[in-house]
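Coordinate analysis (summary)
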Amino acid sequence: MMIQSMSLGPVAPAKMVQTKPIEQATPAELTQSFGQYLQTALESVSAQEKNVHKLNDQYLVGQVDVTQVLLASEQAHLSLQFTSQVRNKVVEAYQEIMRMQI
């Protein structure tokens, strides 16, 4: 049995956000930077989902192998799980901050 190299399509690198060093950044700038990071992550998950749909359509007409569809599907599923866990942690942190007494 021979292992074949396959490509699931181009993977866009994460967009780098130019920010000041943390010591010089204001809280508003840090919040914006974190927001941009989350937006980039969500766009990446969305792109992976669209790729799965495209590969599924190509599979239906016989252009790609089922393993490519399964790999892309699992990758998108794991990315979505990771994103939802990050969201849960952010919500927990926000709730903890709201419970703090000043």
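Just above sits the structure.
**Things to note about the overall build of the protein chain**
If you tally the helices and strands in the protein chain, you get two helices and zero strands. Looking at the protein chain as a whole, 13% of its 102 residues qualify as buried. Contacts spanning at least 24 positions in sequence make up 56% of the contacts within the protein chain whose residues lie at least 6 apart. Carbon together with sulfur atoms contributes 61% to the accessible area of the protein chain, which is approximately 9,000 Å² in total.

**Quick notes on the pattern of salt bridges**
Where side chains of opposite charge bring their charged atoms close, a pairing between them can arise. Inspection of the entire model under this criterion finds two salt bridges. Between Glu 92 and Lys 89 there is a salt bridge whose closest N-O contact spans 3.8 Å. With Glu 92 and Lys 89 both in helix α2 (residues 66–99), this residue pair falls three residues apart, about one helical turn. A relative accessible area of 44% places Glu 92 in the partly exposed class.

**What to know about helix α1 (residues 27–60)**
With 34 residues, α1 should reach 50 Å at 1.5 Å per residue; the first-to-last C-alpha distance of 50 Å fits that figure. The inward-facing, buried residues of α1 contact α2. Of the residues one or two after α1, Gly 62 is the one with positive phi, at around 80 degrees.

**So, a nonpolar patch on the surface**
Judged by side-chain polarity, Tyr 59, Leu 60, Val 61, Val 66 and Leu 70 come together as a nonpolar surface patch covering roughly 490 Å² of accessible area. Of all the secondary-structure elements, those providing two or more residues to the nonpolar patch are α1 and α2. Looking at the secondary structure, you find Leu 70 in helix α2. Note on Leu 70: relative accessible area 54%, which makes it exposed.

**With respect to α2**
Given a rise of 1.5 Å per residue, 34 residues ought to cover 50 Å, and the 49 Å separating the end C-alpha atoms of α2 matches this to within 8%. Those residues of α2 lying buried are Gln 68, Val 69, Ala 72, Ala 76, Ser 79 and Thr 83. Where the residues of α2 are buried, they touch α1.

**Observations concerning the nonpolar core**
Counting residues in each nonpolar core, the largest one holds six residues, listed as Val 52, Leu 55, Val 64, Val 69, Ala 72 and Ala 76. Contributing elements (two or more residues each) for this core: α1 and α2. Considering every element that reaches this core, the biggest residue donor is α2, with three residues.

The rules behind these values
- Residues numbered from 1 in each chain as written.
- Predicted model: local features only at pLDDT ≥ 70, side-chain atom pairs only at ≥ 80, totals over all residues.
- Heavy atoms only, no water.
- Helix = DSSP H or I, 4+ residues; strand = E, 2+ residues; numbered from the N terminus.
- Buried < 20%, exposed > 50% of the residue type's maximum accessible area, 1.4 Å probe, protein only.
- Contact = heavy atoms within 4.5 Å.
- Areas by Shrake-Rupley, 256 points an atom, 1.4 Å probe, with all protein chains shown as cover.
- Salt bridge = Lys/Arg side-chain N within 4 Å of Asp/Glu carboxyl O.
- Expected span 1.5 Å × (residues − 1).
- Patch = residues over 30% accessible without salt bridge, like charges linked within 9 Å, V, L, I, M, F, W, Y side chains within 5 Å.
- Core = buried A, V, L, I, M, F, W, Y, C linked by side-chain atoms within 4.5 Å.

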